[in-house]
Amino acid sequence: MATDETTSNKPQTVPESSISSVLSEKRKFPPPAEFAKNAHVASMADYERLYAEADADPDTYWGGLAEQFHWFKKWESVLEWNSPYAKWFQGGKTNICYNALDVHVNSWRKNKAAIIWEGEEGDQRVLTYGELHRQVCKFANVLKIAGIRPGDRVAIYMGMVPELIIAVLACARVGAVHNVIFAGFSAHAISERVNDSRAKMIICADGSRRRGSSINLKNIVDEAIVNTPSVRSVMVLKLTGDTVHMHDGMDHWWHDLMGLASDECDPVEVDSEHPLFVLYTSGSTGKPKGILHTTAGYMVHAASSFKYVFDIKDEDIYFCTADVGWITGHTYMAYGPLLNGATILMYEGAPNYPQWDRFWDIINRHKVTILYTAPTAIRAFIRAGNEWVTKHNLNSLRLLGSVGEPINPDVWMWYHKVVGQERCPIVDTWWQTETGGIMVSPLPGATPTKPGTATRPLPGIAVDVVHKDGTPCEANEGGYLVIKKPWPSMLRTIYGDNERYEKTYWSEFPGMYFTGDGARKDDDGYIWIMGRVDDVVNVSGHRLGTSEVESALVSYEAVAEAAVVSRPDEIKGNALVAFVTLKDEYVGDMKLREALRNHVAKEIGPIAKPDEIRWAKGLPKTRSGKIMRRLLRELATSNEIKGDVSTLEDFGVLENLRDSEED
Ligand code: WT7
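Residues numbered from 1 in each chain as written. Predicted model: local features only at pLDDT ≥ 70, side-chain atom pairs only at ≥ 80, totals over all residues. Heavy atoms only, no water.

## Comments concerning the domain arrangement of the protein chain
Many authors give the size of an interface as the accessible area that is lost as the parts come together. Put simply, the rule reads: Domain limits in this description derive from either an automatic procedure or a database domain assignment. A contact between two residues is defined here by any heavy atoms of the two lying within 4.5 Å. We define buried area as the total accessible area lost by two parts upon association, computed with a 1.4 Å probe and summed across both. Every case where a carboxyl oxygen of Asp or Glu lies within 4 Å of a side-chain nitrogen of Lys or Arg is listed as a salt bridge. Polar contact is defined as a pair of N or O atoms within 3.5 Å, subject to the rule that within protein one atom must be able to donate a hydrogen and the other to accept it, and that residues adjacent in sequence are counted only when both atoms are side-chain atoms. Numbering of helices and strands runs from the N terminus; a helix is a DSSP stretch of H or I covering at least four residues, while a strand is a stretch of E covering at least two.
For the protein chain, the assigned domains are domain 1 (2–12 + 27–94 + 282–529), domain 2 (134–268) and domain 3 (540–658). When each unit is reduced to the centre of its C-alpha atoms, the spacing between domain 1 and domain 3 is 27 Å. On the side of domain 3, 26 residues touch domain 1, which itself brings 23 residues to the contact. Across the interface of domain 1 and domain 3, roughly 2000 Å² is buried in total on both sides, 49% from carbon and sulfur atoms. At the boundary of domain 1 with domain 3, the tally comes to 3 salt bridges. As a salt-bridge pair, Glu561 and Arg379 come within 2.4 Å of each other at their nearest N and O atoms. Where domain 1 touches domain 3, the interface holds 10 residue pairs in polar contact (both at pLDDT 80 or more). Secondary structure elements with two or more residues in the side of domain 1 that touches domain 3: helix H13 (375–384) and helix H15 (409–419). The greatest single-element share of the side of domain 1 that touches domain 3, amounting to 5 residues, is contributed by H13.

Structure representation (structure tokens):
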């Protein structure tokens, strides 16, 4: 739940009743025959068989997947489960960097492109597996020269450039624990994370390019390290040429040290449970949680889920638009693809730079075959207008993915039609920073999809929807999404805080991991995420998930995006307030407001009719693109915001909203 404002730090409080589900979506899309023909999993029967096998004997299933990696020493047991603490592949020794690089360098893939990088200004670099390996080995030697030892924590703070992946892999190679901090975060956020993990080193760039200008990252690091006694050295990559102050004894240029380092570096043979990385997620209150992932289990699930969900083939060019500062970037930009020997398209900048067609232009020029992005981006593209997409040839695309929030059915349909040209399956992937990898998703050659649902759990993943007392919900009954069995890429703890780990995830439903999400399973066993349980709105005694009401609003032609919250109301107890962003060509007025209210009444029933609709030029979002309903709740209630806004992406949005009175 990196930067997920909708995830609270407290144990989730689960009210008595279950959650009412009001949305019904009937459209269904079988996998295209052409796609299924060559898919790794080619039919629903194959999926069902795999799922049943994994369910009956998880050790054999996960053990079988683990066999496919290089082990310096094989494991003795697949899982030791001392609830809620897991040890996977105990007794084994491996190295994830070795499996992501050396394995391919020792094969025909040596000269295959690992990373095709495009800078915001259009500059390009291609790193083959051989070259990436060389750079990683050199930088691993730099880390060693700088005194980094296995287990030491290293913070990484830089934009989307190949060196970010090089730094991550070099840490893994020497057994250091990386902590990537999104390059949009402040000095305070850096020192908070660095202090919590007691990081010994910070790796940064002089600056990061964004929409034609640059942000001086090194200055921000300078400000942060005034308060971080654990930091011994700062490595600085020269990228933008921003003016920086290099402090003697503390700061070092990346290129100076790389110039001295050998390109041979044996990987450290680490235990399976050796910590791999900490990634901080911010809750609505309190300090961020350092989600700890370890080596072997994470490796096994990152690689296998990537292979099956994205149906990866050697010919693919895979474009993931997430930042490496988030878990999606860790698992499906870096580790998952590299472990599979895939080719990654990495883009440095903003989707609308210089114009709204940047992604489509990239896809056309590089002949991208798989695109993995987020609903927030798709909604922005819809708002900007179809012509930005349709003017490019997207025939190379064969598969589309979505992650981060529930994708509204009508947004799904747009993605399917306008981007996928009704040819590409869509994998709507549900997972969390804590789960390390995808938990619920279609397998694109097997699972018939329905707009708005992540469909079925992957083999080996025991998700369920339960009542407050932990008993399973009936089909179509809304409840709480839990995971009933340990899985290899699960978080191991919150860094340095086992108590908080137990309280946050394992106290609400004894013996089960609580995700914090509301969901329902339909008659086909498909999981429909209804939003965070903390965001549930209460209307006339019914508890509704935000995503259903929002999807009803978004299904109206004029609407680009919507967020729904409830506020106390003297008469009704609770009133439903909808913040609505219109597509560029529409204007919000009384008539449209009434039409929208009626539309919601028609789509899901009068109970969900918003009491108030406020026009919003934009919605407040976290830096990873999630709507911050908590802030909207405050606005709707008191028209002012007192809560923590440190993870908010764009402050201007709040100012605009404060002014957005009813007309
Ligand atoms: C929360 C986790 C997983 C990587 C990015 C976000 C929401 C995520 C979906 C989806 C509906 C989704 C959930 C989840 N979420 N994917 N496909 N459908 N909701 O990671 O920041 O840890 O957030 O994002 O609420 O719990 P994260």
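## Describing helix H18 (residues 590–604)
How we decide: Here the expected length of a helix is defined as 1.5 Å per residue gap, with one fewer gap than residues. For the exposure calls, accessible area comes from a 1.4 Å probe over protein chains only, and a residue counts as buried if that area is under 20% of its type's maximum, exposed if over 50%, partly exposed in between.
End to end, H18 covers 21 Å across 15 residues, agreeing with the expected 21 Å (1.5 Å per residue, within 8%). Listing the buried residues of H18 in full gives Leu592, Arg593, Leu596, Arg597, His599, Val600, Ala601 and Ile604. In this structure, the buried side of H18 is in contact with helix H17 (546–554), strand E28 (559–569), strand E29 (573–582) and strand E30 (612–615). Looking one or two residues past H18, Gly605 carries a phi angle of roughly 115 degrees, positive in sign.

## Describing the packing of aromatic side chains
Operational definition: The pairing test for Phe, Tyr and Trp rings, Trp by its six-membered ring, is centres within 6.5 Å, and the orientation test on the planes gives stacked under 30 degrees, edge-to-face over 60, and tilted for anything in between. In this analysis the charged atom, NZ for Lys or CZ for Arg, is taken to sit over a ring once it is within 6 Å of the ring centre and within 35 degrees of the ring normal.
Using the criterion set out here, one finds 39 aromatic pairs in the structure. Taken together, a centroid distance of 5.9 Å and an interplanar angle of 90 degrees make the contact between Phe182 and Phe185 edge-to-face. The exposure class of Phe182 is buried, given its relative accessible area of 15%. Taking 5.4 Å as the distance between ring centres and 15 degrees as the angle between the ring planes, the aromatic pair formed by Tyr505 and Tyr513 counts as stacked. Each member of the pair, Tyr505 as well as Tyr513, carries the same accessibility label: buried. Counting every residue linked through ring pairs, the aromatic cluster contains Trp81, Tyr85, Trp487, Tyr501, Tyr505, Trp506 and Tyr513. The aromatic ring of Trp253 is capped on one face by Lys238, whose charged end is 4.3 Å from the ring centroid.

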